[in-house]
Amino acid sequence: MKPLSKLLLIVALLVSGCSSSLLRKNTTPAPLLYEVNLNDRADDLFKVKLSVNDLKSENAVYQFASTAPGTYQVMDIGRFVRDFKALDAQGNALKTERLSTNQWKIHEVERAREIRYNIAETWDTPVNEHRIYPMAGTSLEADHVQINGQAVFGYPTGMQNRPLQVKLAHPPDWLLGTALSRNSDGVFYADNYDRVVDSPFLLGQLTRAELDVKGSKVEIYAYSKSGRIKAEQILTSAKEVLLAAAAFTKGLPVKRYTFLFHFEDGNKGALGAWEHSYSSLYTFNDATFEQMLRQDIAGIMAHEFFHIVTPLNIHSEIIEQFNFVEPAPSEHLWLYEATTEWAAQIMKLRGGLITPEQYTQILNNKLNIDDNFDKSYSLSKLALTSYAPEGQKQYGNIYHRGAIIVGLLDIRLLELSNGKRGLREVINRLAKTYGPERAFPEKKFFDIFVEMTHPEIADFFERYIKNAEPLPIAEYYSKLGIKYAEEIRTGKQVAALGLGITLKEGRLALVGVSPEMQAQGLRDGDFVLASNGKPVKLETIQEVGQELKQLQPDQTFEFTIERDQQEKTLQLKALAKEQVDRHVFEIDPNAAEKQLALRKAWMKNL
Ligand SMILES: [Zn+2]
């Protein structure tokens, strides 16, 4: 809730145009007013103006974000800043000096009345490293704009907690989606910088749809470059999952929630989603709606939506007031991302949207992906090194191995409580105990969790979260009467390619070419141009992969490759190998009563 007194002051300020010195007399600091002219979109630059009048020497350094909550990546937004300046009341430029990638120092800062800069949109601005995720970046185009606060706004040091206002000038016929509220003049306001970063904007030629989920208002805004995907379609397909989510969290923990969808093709329109407290932003390729459904749009929405519980309502002191200056990792990524991913999947099972067989298929998929990561890398280590190149390489596994481990924790909790209290119930309890305003102590959280559950859980944390012992998947799932085999040799002969395809210098190239395939003329590092005449590119690689999977042993196929700038086409023969199925789950039809009882508890919201 926003305190009414502050709100009235802001409105008064806007209506009368009075100077903010009036506010200072009332000891409420003047909000920082940011204005961005989105009518000027020609050159990929956001034109930002910040009005100030009470900066002191301790506010002399203007800070841009080095990273942002929930992304676990280095961003260094200062890289995108152009033409930074500070002006006095007469419009004279004050001396400024760049101290570091993300910091500008303003001399004689007391005289500053305006800070102006241009900042390049991240989607269309090439960088050598730390490319910003599309869903966490910015885009400024003829018919739409995407703004993530940390990539447009900075703040004077010491003023991260100052309330702020955002005025966006844009074409009058555009729709605008954001979780921020606005006053009657159309100015958005936020309690502090963190909240603006937490509330992306999507505006332009959008479609909009709305749904009431048990008393909470859920809005969907969508931009689709081709116009093929509409907000209403997304709403229809996500309705069931949203209701399942509401049941899982015992009612939605917010009164209003905004989904923002950005569909656009090309390398910039990669798949991704970023969660916020009252909204989430999704970037997908601009496919047909049917293709979109195959990407499990509703499952991704459920994931981002569950983030309202964690980290919003259960988070460490480390991310309480976010450190935009230096990335500071929290060890409890297992709670923020792995638990969220587990919840997003199991809520579908418990909401009756999928069968146990379909749920184990999701587990199978996650374990197969986990096979490509370093299994000796613990979840704690992954969390603490996520900003380092080494940790970034393993980061993606938090959604796979991480979610598997959290699923095991749930089973262990159900077992120890005789089917009375699983992870969902513990998490909902924790959300009540802490909530958005109260952080948990980073170092003591494992102990707190053990304290409120069972002493045996300390051992679980030690082995499978802090360390990376082999996972007891078969043992744990058998408690539910579900059989698991890591590997089953089928004795059946199937085709094998004996090679992999990877990205090299921005192109697709061969990797891991087997001796048999080398004998047929292929080498590691060959660029792949075509497969059976079909061009092999990022956009087509999935389709090509599907076709190659259909090959039979000894069947011939054709690859066009490039090596040493020479193009050549080779006739190849698929290899034969024994089919080995990995990570096979089977619901045991002969499960004992005790197993069935625990499975029953596992399958519902207790
Ligand atoms: Zn997430």
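Read on for a plain summary of the structure. Just so we're clear, the structure is a prediction, and the values are computed from it rather than from any experiment.

Cut-offs and rules
Residues numbered from 1 in each chain as written. Predicted model: local features only at pLDDT ≥ 70, side-chain atom pairs only at ≥ 80, totals over all residues. Heavy atoms only, no water. Salt bridge = Lys/Arg side-chain N within 4 Å of Asp/Glu carboxyl O. Buried < 20%, exposed > 50% of the residue type's maximum accessible area, 1.4 Å probe, protein only. Helix = DSSP H or I, 4+ residues; strand = E, 2+ residues; numbered from the N terminus. 1 Å grid on protein atoms, 1.4 Å probe; cavity = no way out; pocket = protein on both sides within 12 Å on 5 of 7 lines; lining within 4 Å. Points joined across faces, edges and corners; volume = space filled by probe spheres on them. Nonpolar A, V, L, I, M, F, W, Y, C, P; charged D, E, K, R; others polar. Polar contact = N/O pair within 3.5 Å; in protein donor to acceptor, adjacent residues only side chain to side chain. Contact = heavy atoms within 4.5 Å. Phe/Tyr/Trp six-rings, centres within 6.5 Å; stacked < 30°, edge-to-face > 60°. Lys NZ or Arg CZ within 6 Å of the ring centre and 35° of its normal. Donors = N, O, S within 2.8 Å, 3.2 Å for Na, K, Ca; no water. Axes fitted to C-alpha atoms, helices over the stretch in contact; angles between N-to-C directions. Parallel < 35°, antiparallel > 145°, perpendicular 65-115°, else oblique. Left-handed = near helix turned anticlockwise from the far one by under 90°. Expected span 1.5 Å × (residues − 1). Bend = angle between axes of the 7 residues up to and from the residue. Pairing = 2+ DSSP bridges.

Regarding the pattern of salt bridges
Okay, step 1: Applying the stated criterion across every chain, the model contains 33 salt bridges.
Okay, step 2: For Lys47, the salt bridge goes to Asp43, with nearest N and O atoms at 2.6 Å.
Okay, step 3: Residue classification places Lys47 among the buried positions, given a relative accessible area of 17%.
Okay, step 4: The class of Asp43 is partly exposed, set by a relative accessible area of 40%.
Okay, step 5: Between Glu264 and Lys225 there is a salt bridge; the shortest N-O distance is 3.7 Å. Pair noted here: Glu264 is in the loop between strand 19 (256-263) and strand 20 (272-275) and Lys225 is in the loop between strand 18 (216-224) and helix 4 (231-248), with a separation of 39 residues, a long-range link.
Okay, step 6: Overlapping salt bridges bring together Asp371, Lys375, Glu486, Glu487 and Arg582 as one network.

Concerning empty space enclosed by the protein
Okay, step 1: In the structure shown here, the tally under the stated rule is five cavities of 30 Å³ or more.
Okay, step 2: Space inside the largest cavity adds up to approximately 50 Å³.
Okay, step 3: Pro69, Gly70, Tyr72, Ile319, Phe322, Ala328, Pro329, Ser330, Tyr336 and Tyr387 are the residues that line the largest cavity.
Okay, step 4: Taken together, the residues of the lining of the largest cavity sort by class into eight nonpolar, two polar and no charged.

Here we look at the side chain of Ser199
Okay, step 1: When you line up the elements, Ser199 lands in the loop between helix 3 (193-197) and strand 16 (201-204).
Okay, step 2: A relative accessible area of 2% means that Ser199 is categorised as buried.
Okay, step 3: Within the local environment of Ser199, its side chain forms a polar contact with the backbone oxygen of Arg195, the two atoms lying 2.7 Å apart.
Okay, step 4: Apart from the residues lying within four places of it in its own chain, the contact partners of Ser199 are Thr178, Leu180 and Ser279.

Details of the packing of aromatic side chains
Okay, step 1: Overall, the coordinates contain 42 aromatic pairs when judged by the stated rule.
Okay, step 2: Taken together, a centroid distance of 5.0 Å and an interplanar angle of 85° make the contact between Phe64 and Tyr117 edge-to-face. Of this pair, Phe64 sits in the loop between strand 3 (61-63) and strand 4 (81-87) while Tyr117 sits in strand 8 (residues 114-120), and the two are 53 residues apart along the sequence. Here the two residues Phe64 and Tyr117 agree in accessibility, since each one is buried.
Okay, step 3: Among the aromatic side chains, those forming a connected cluster through ring pairs are Tyr257, Phe259, Phe261, Phe263, Tyr282, Phe284 and Phe305.
Okay, step 4: A cation over a ring is seen here: Lys479 above Tyr476, with NZ or CZ 4.9 Å from the ring centre.
Okay, step 5: Here the guanidinium or amino end of Arg507 rests over the ring plane of Phe527, the centre of that ring lying 4.0 Å away.

As for the coordination of the zinc ion
Okay, step 1: Protein coordination at the zinc ion comes from His303 (NE2), His307 (NE2) and Glu337 (OE), with a distance range of 2.0 to 2.1 Å.
Okay, step 2: Overall, the relative accessible area of 1% leaves His307 in the buried class.

Topic: the environment of Tyr189
Okay, step 1: Mapped onto the elements of the fold, Tyr189 is located in strand 15 (residues 188-190).
Okay, step 2: Residue Tyr189 is classed as buried on the basis of its relative accessible area of 14%.
Okay, step 3: In sequence terms Tyr189 and Val166 are 23 residues apart; their C-alpha atoms lie 6.2 Å from each other.

Here's the deal with the packing of helix 9 (residues 333-350) against helix 10 (residues 356-370)
Okay, step 1: In the contact formed by helix 9 and helix 10, the axes pass within 9 Å of each other and the chain directions differ by 160°. Looking at the two axes, helix 9 sits roughly antiparallel to helix 10. With respect to the hand of their crossing, helix 9 and helix 10 are arranged in right-handed fashion. From helix 9, Glu341, Trp342, Gln345, Ile346 and Leu349 reach across to helix 10, where they touch Pro356, Tyr359, Ile362 and Lys366.
Okay, step 2: When the residues that make up the contact of helix 9 with helix 10 are grouped by side-chain class, the tally is six nonpolar, one polar and two charged.

Here's the deal with helix 4
Okay, step 1: The first and last C-alpha atoms of helix 4 sit 24 Å apart over 18 residues, in line with the 26 Å expected at 1.5 Å per residue.
Okay, step 2: In helix 4, a bend of some 50° at Ala238 exceeds every other bend along the element.
Okay, step 3: Listed as buried for helix 4 are Ala231, Ile234, Leu235, Ala238, Val241, Leu242, Ala244, Ala245, Ala246 and Phe248.
Okay, step 4: Just beyond helix 4, the residue with positive phi is Lys250, at close to 55°.

Structural notes on the sheet that holds strand 1 (residues 32-37)
Okay, step 1: The strand order across the open sheet formed by eight strands is 5-4-8-2-1-12-15-14, and the pairing between neighbours is mixed. Looking at the sheet topology across the chains shown, the edges are occupied by strand 5 (93-94) and strand 14 (181-182).
Okay, step 2: Bridge count between strand 2 (residues 45-51) and strand 8: seven bridges; the pairing is antiparallel. Pairing of Val48 across the sheet is with Tyr117, part of strand 8.

What about the environment of Leu168?
Okay, step 1: By the secondary structure assignment, Leu168 is in strand 12 (residues 164-169).
Okay, step 2: Sequence-wise, Leu168 and Leu349 are 181 residues apart; in three dimensions their C-alpha atoms are separated by 43 Å.
Okay, step 3: With near-sequence residues (within four places) excluded, Leu168 lies in contact with Val36, Leu38, Ile147, Leu176, Phe188 and Phe201.

Thoughts on the pairing of strand 7 (residues 103-106)
Okay, step 1: Residues Trp104 and Ile106 line the buried face of strand 7, whereas the alternating positions Gln103 and Lys105 sit on a face that is not buried.
Okay, step 2: Pairing of strand 3 with strand 7, which is carried by three bridges, proceeds in the antiparallel orientation. Residue pairing for strand 7: Gln63 is matched across the bridge by Gln103.
Okay, step 3: When strand 6 (residues 96-100) meets strand 7, the two strands line up antiparallel, connected through four bridges. Looking at the pairing, Glu97 lines up with Lys105 of strand 7.

Concerning the pairing of strand 21 (residues 279-284)
Okay, step 1: Of all six residues making up strand 21, six are buried, and the element is well covered by its neighbours.
Okay, step 2: Residues Ser279, Leu281 and Thr283 point to one face of strand 21 and Ser280, Tyr282 and Phe284 to the other, with burial holding for every one of them.
Okay, step 3: With six bridges connecting them, strand 19 and strand 21 associate as parallel partners. Bridging across to strand 21, His262 finds its partner in Thr283.
Okay, step 4: The sheet contact formed by strand 20 and strand 21 spans four bridges and is antiparallel. Paired with Gly272 across the strands is Thr283, a residue of strand 21.
Okay, step 5: Counting the residues between successive antiparallel strands, the hairpin from strand 20 to strand 21 contains three residues.

Looking at unusual backbone geometry
Okay, step 1: Across the junction of Thr310 and Pro311, the peptide omega takes the value 15°, indicating a cis bond.
Okay, step 2: Relative to the assigned elements, Pro311 resides in helix 7 (residues 308-313).

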